[in-house]
Amino acid sequence: KDIIPPLEQLMVEKEGYLQKAKIADGGKKLRKNWATSWIVLSSRKIEFYKESKQQALSNMKTGHKPESVDLCGAHIEWAKEKSSRKNVFQITTVSGNEFLLQSDIDFIILDWFHAIKNAIDRLPKD
Ligand code: I3P
């Protein structure tokens with residue numbers, strides 16, 4: 001039998017592993033806690049999975065939801081001063097959530113930065 005994937009899955013623009021730390025939730029600062037995340041970028045959102053892709057896919061079948069970030073009106077900027085790590089950028093959402101993303105590998109973080117920036121720039125601001 002054919003399984004029809006949700007539209008978002010058909011529009012995935014980029015996916016892969018990055019280091020992620022959420023540093024604010026609704027404007028409230030959080031303690032920084034870096035962890036590996038499986039990240040899926042589609043046209044208007046990013047999903048963060050705590051698990052491997054494989055684990056994430058099997059969790060999806062049981063209705064387990066990843067953390068989803070609405071990119072409409074979001075900001076992205078390099079954030080050298082926010083970490084001792086290299087290659088860190090920050091995404092800030094309209095709702096006041098702040099995420100740091102990082103990779104030690106230059107081209108990987110550059111690709112992600114530009115992919116997310118392009119997605120944000122294509123979206124309406126509100
Ligand atoms: C934090 C942890 C983070 C570090 C952060 C520390 O300590 O070492 O890795 O961020 O630095 O506070 P803890 O685990 O005790 O919370 P970076 O790796 O990004 O430097 P910060 O407070 O300067 O952000």
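Above this text you will find the structure in question.
What counts and what doesn't
- Residues numbered from 1 in each chain as written.
- Predicted model: local features only at pLDDT ≥ 70, side-chain atom pairs only at ≥ 80, totals over all residues.
- Heavy atoms only, no water.
- Helix = DSSP H or I, 4+ residues; strand = E, 2+ residues; numbered from the N terminus.
- Rg over C-alpha atoms; globule rule 2.2 N^0.38 Å.
- Buried < 20%, exposed > 50% of the residue type's maximum accessible area, 1.4 Å probe, protein only.
- Areas by Shrake-Rupley, 256 points an atom, 1.4 Å probe, with all protein chains shown as cover.
- Near = heavy atom within 4 Å.
- Polar contact = N/O pair within 3.5 Å; in protein donor to acceptor, adjacent residues only side chain to side chain.
- Salt bridge = Lys/Arg side-chain N within 4 Å of Asp/Glu carboxyl O.
- Phe/Tyr/Trp six-rings, centres within 6.5 Å; stacked < 30°, edge-to-face > 60°.

J.: In this structure, what is going on with the overall build of the protein chain? I would like to understand it.
T.: Counting its secondary structure elements, the protein chain contains 3 helices and 8 strands. The linear arrangement of helices and strands in the protein chain, starting from the amino end, is α-β-β-β-β-α-β-β-β-β-α. A globule of 126 residues ought to have a C-alpha radius of gyration of about 14 Å, and the protein chain, at 15 Å, matches this closely. Seen through its C-alpha atoms, the protein chain measures out along the principal axes to roughly 50 × 30 × 30 Å. Considering the protein chain as a whole, with its 126 residues, one finds that 42% of them fall into the buried category. Surface exposure of the protein chain reaches about 8,000 Å², of which carbon and sulfur atoms provide 53%.

J.: How should I be thinking about the site of the ligand in this particular structure?
T.: All residues adjacent to the ligand are R31, K32, W34, S83, S84 and R85. With respect to the ligand, the side chain of R31 contributes an N or O atom lying 2.8 Å from an oxygen atom. At 2.5 Å, a side-chain N or O of S83 approaches an oxygen atom of the ligand.

J.: Mind showing me how you'd approach the pattern of salt bridges here?
T.: Here the structure, examined in full by the defined rule, presents 9 salt bridges. Linking K86 and D106 is a salt bridge whose minimum nitrogen-to-oxygen distance equals 3.3 Å. Of this pair, K86 sits in the loop between strand 6 (75–78) and strand 7 (88–92) while D106 sits in helix 3 (residues 106–122); the two residues are 20 residues apart in sequence, bridging distant segments of the chain. Given a relative accessible area of 44%, K86 falls into the partly exposed group. Connected through salt bridges with shared partners, the residues K20, K22, D25 and E67 form a single ionic network.

J.: Before we go on, may I ask you to explain the packing of aromatic side chains in this structure?
T.: Aromatic ring pairs are described here by two measures, namely the spacing of the ring centres and the angle between the planes. As enumerated under the stated definition, the model contains 5 aromatic pairs in all. Seen from their ring centres, F48 and F99 are 5.0 Å apart, and the 40° between their planes marks the pair as tilted. With F48 in strand 4 (residues 45–49) and F99 in strand 8 (residues 98–102), this residue pair connects regions lying 51 residues apart in the sequence. Under the relative-accessibility criterion, F48 is labelled buried at 3%. Judged by centre distance (4.5 Å) and plane angle (15°), the ring pair of W78 and F113 falls under stacked.

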